[in-house]
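Structure at a glance
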Amino acid sequence: MIPIAQPLIGEEEQTAVHEVLESGMLASGNIVRAFEEEFADYLGIEHCITTTSGTTALEVALRALGIGPGDKVLTTPFSFIASTNSIVYTGATPVFADIRPDTFNIDPEKIEAALRADSDIKALLIVHLFGQACNMDQIIPLVEKYHLLLIEDCAQSHGAMWKGKPVGTFGDVGCFSFYPTKNMTTGEGGAIVTHDDNLAETCRLLINHGMAVRYHHDLIGYNYRMTNIAAAIGRCQLRKLDRFNQIRRLNGAILTEGIHHSDITTPFVQDDAFFVYHQYTLRIKNDKRDQFTDYLNANDIGYGIFYPLSIPEQKCYQRFGFNTVWPVTDLIKNQVVSIPVHPGLSEEDLDMIVQVVNKFQ
Ligand SMILES: Cc1ncc(COP(=O)(O)O)c(C=O)c1O
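Let us look at the structure shown here. (Residues numbered from 1 in each chain as written. Predicted model: local features only at pLDDT ≥ 70, side-chain atom pairs only at ≥ 80, totals over all residues.)

**Points about unusual backbone geometry**
- Here the amide bond leading from phenylalanine 306 into tyrosine 307 is cis, since omega sits at 10 degrees, within 30 degrees of zero.
- Position of tyrosine 307 relative to the elements: it lies in the loop between helix H9 (289-298) and helix H10 (327-332).
- Phi is positive for phenylalanine 130, close to 65 degrees, though the residue is something other than glycine.
- Inspection of the secondary structure puts phenylalanine 130 in the loop between strand E4 (121-127) and helix H6 (136-145).
- Its 23 C-beta neighbours within 10 Å are what place phenylalanine 130 among the buried residues.
- Its identity is not glycine, yet aspartate 287 carries a phi of approximately 60 degrees, on the positive side.
- Checked against the element boundaries, aspartate 287 lands in the loop between strand E14 (280-284) and H9. (Helix = DSSP H or I, 4+ residues; strand = E, 2+ residues; numbered from the N terminus. Buried ≥ 20, exposed ≤ 12 C-beta atoms within 10 Å, placed from the backbone.)

This is the structure we're talking about:
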């Protein structure tokens, strides 16, 4: 079976983890600080605060921005659930705007319609889904016009850019995940990045029980600290990130060049987006998605359905009474199939994927 994802852990990571274990300094310390500086430098941003996951990064970022009960945050209905859960954790109310059928990212026109309809919306949480930036030329003017806070969920888009500027650096805050299937990993882990000194300080307090001076707690915070063990892996992975992304892009290009099928659409790429192919997501039309996934299974090709349901229709949100009709999301969720594009694929794997997909009947 060709897996849909495959973390690439080499000797460097093993040695780095071993060194941390030998040092006895396992929890958050110098290695975490070094990783934070390197990740901030990579993005060209002032601050990075690492956390235990992408989910906790989002939660802390929203809380540090002062978002809480009574606030409304506009977001996408088509994402991993953490992007909405993080809003709910703060006590704020998520409000949704539908996606574009080509990129699967939140649609700037729908954002503006939602903002016109509801002047109470305080923040916009966008997700750069599958490794492709949202159209920031359309989003930034809306953020300015409607005086919104902007949170970028970059869990799937490490190194992705819009017109050469890395995602995570456009808004008030950017949040990353280092889960093993992501473009780079720390095992579990996350990061908050920001230009804002005060926001960075609040995030740093929140992830460490609100404690600047030992056992003096200025805020009710959490223990969301990354460990030195995770950061040691992250430092090695960060050095490889551009190469990993280059291979993902090359693999994506090979798939797009090779796949030609009347029922299948390959990913749409915006001219101004540097797409890092966290996922390579096909649209399978004419109600043939189930048939297609059975066929991939039979041919030993791993796949993922990201995502089978919209967020507002998830069972856990039933009592919230969200609108569950999102025409574009509802179309796309029934068509998408992500196939392997990760840097662990061989030429033979790519060849086989192309051939199998093209022979689908
Ligand atoms: C879009 C999106 N947001 C947030 C997260 C949450 O990250 P984590 O799994 O590290 O908590 C993920 C990852 O799974 C994600 O894909």
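**Considerations on the site of the ligand**
- The local shell around the ligand holds 14 residues, among which Ser53, Gly54, Thr55, Ala155 and Ser177 are the closest.
- Of all the secondary structure elements, the ones that give two or more residues to the shell around the ligand are helix H3 (54-64) and helix H4 (82-89).
- Grouping the constituent residues of the shell around the ligand by class yields 5 nonpolar, 8 polar and 1 charged. (Near = placed C-beta within 6 Å. Nonpolar A, V, L, I, M, F, W, Y, C, P; charged D, E, K, R; others polar.)

**Overview of the sheet that holds E4**
- If you trace the 7 strands from one edge of the open sheet to the other, you get E1-E9-E8-E5-E4-E2-E3, paired in mixed fashion. Each edge of the sheet is formed by a strand with only one pairing partner; in this case those strands are strand E1 (47-51) and strand E3 (93-96). Going across the sheet, the axis of each strand differs from the next one's by a mean of 25 degrees, ignoring polarity.
- Here E4 runs beside strand E5 (residues 149-153); their pairing, made up of 5 bridges, is parallel. (Pairing = 2+ DSSP bridges. Axes fitted to C-alpha atoms, helices over the stretch in contact; angles between N-to-C directions.)

**Digging into the packing of helix H5 (residues 108-117) against H6**
- Where H5 meets H6, the axes come as close as 9 Å, and the angle between the chain directions of the two elements is 15 degrees. Taken together, H5 and H6 sit at an angle that is classed as roughly parallel. For the element pair H5 and H6, the recorded crossing hand is left-handed. For the pair H5 and H6, contact is made by Pro108, Ile111, Glu112 and Leu115 and by Gln138, Ile139 and Leu142, respectively.
- By residue class, the composition of the contact of H5 with H6 is 5 nonpolar, 1 polar and 1 charged. (Parallel < 35°, antiparallel > 145°, perpendicular 65-115°, else oblique. Left-handed = near helix turned anticlockwise from the far one by under 90°. Contact = placed C-beta atoms within 7 Å.)

**Describing helix H1 (residues 11-23)**
- The end-to-end C-alpha distance of H1, which contains 13 residues, comes to 18 Å, matching closely the 18 Å that a straight helix rising 1.5 Å per residue would cover.
- Among the residues making up H1, those that are buried are Glu13, Ala16 and Val20. For H1, the buried positions fall inside an angular range of 70 degrees around the axis, keeping them on one side. When the buried face of H1 is taken as reference, the exposed residues oriented beyond 90 degrees from it are Glu11, Thr15, His18, Glu19 and Glu22.
- The elements touched by buried residues of H1 are helix H2 (30-43) and helix H8 (228-258).
- A positive backbone phi angle near 80 degrees is found at glycine 24, which sits one or two residues after H1. (Expected span 1.5 Å × (residues − 1). Arc of directions from axis to C-beta.)

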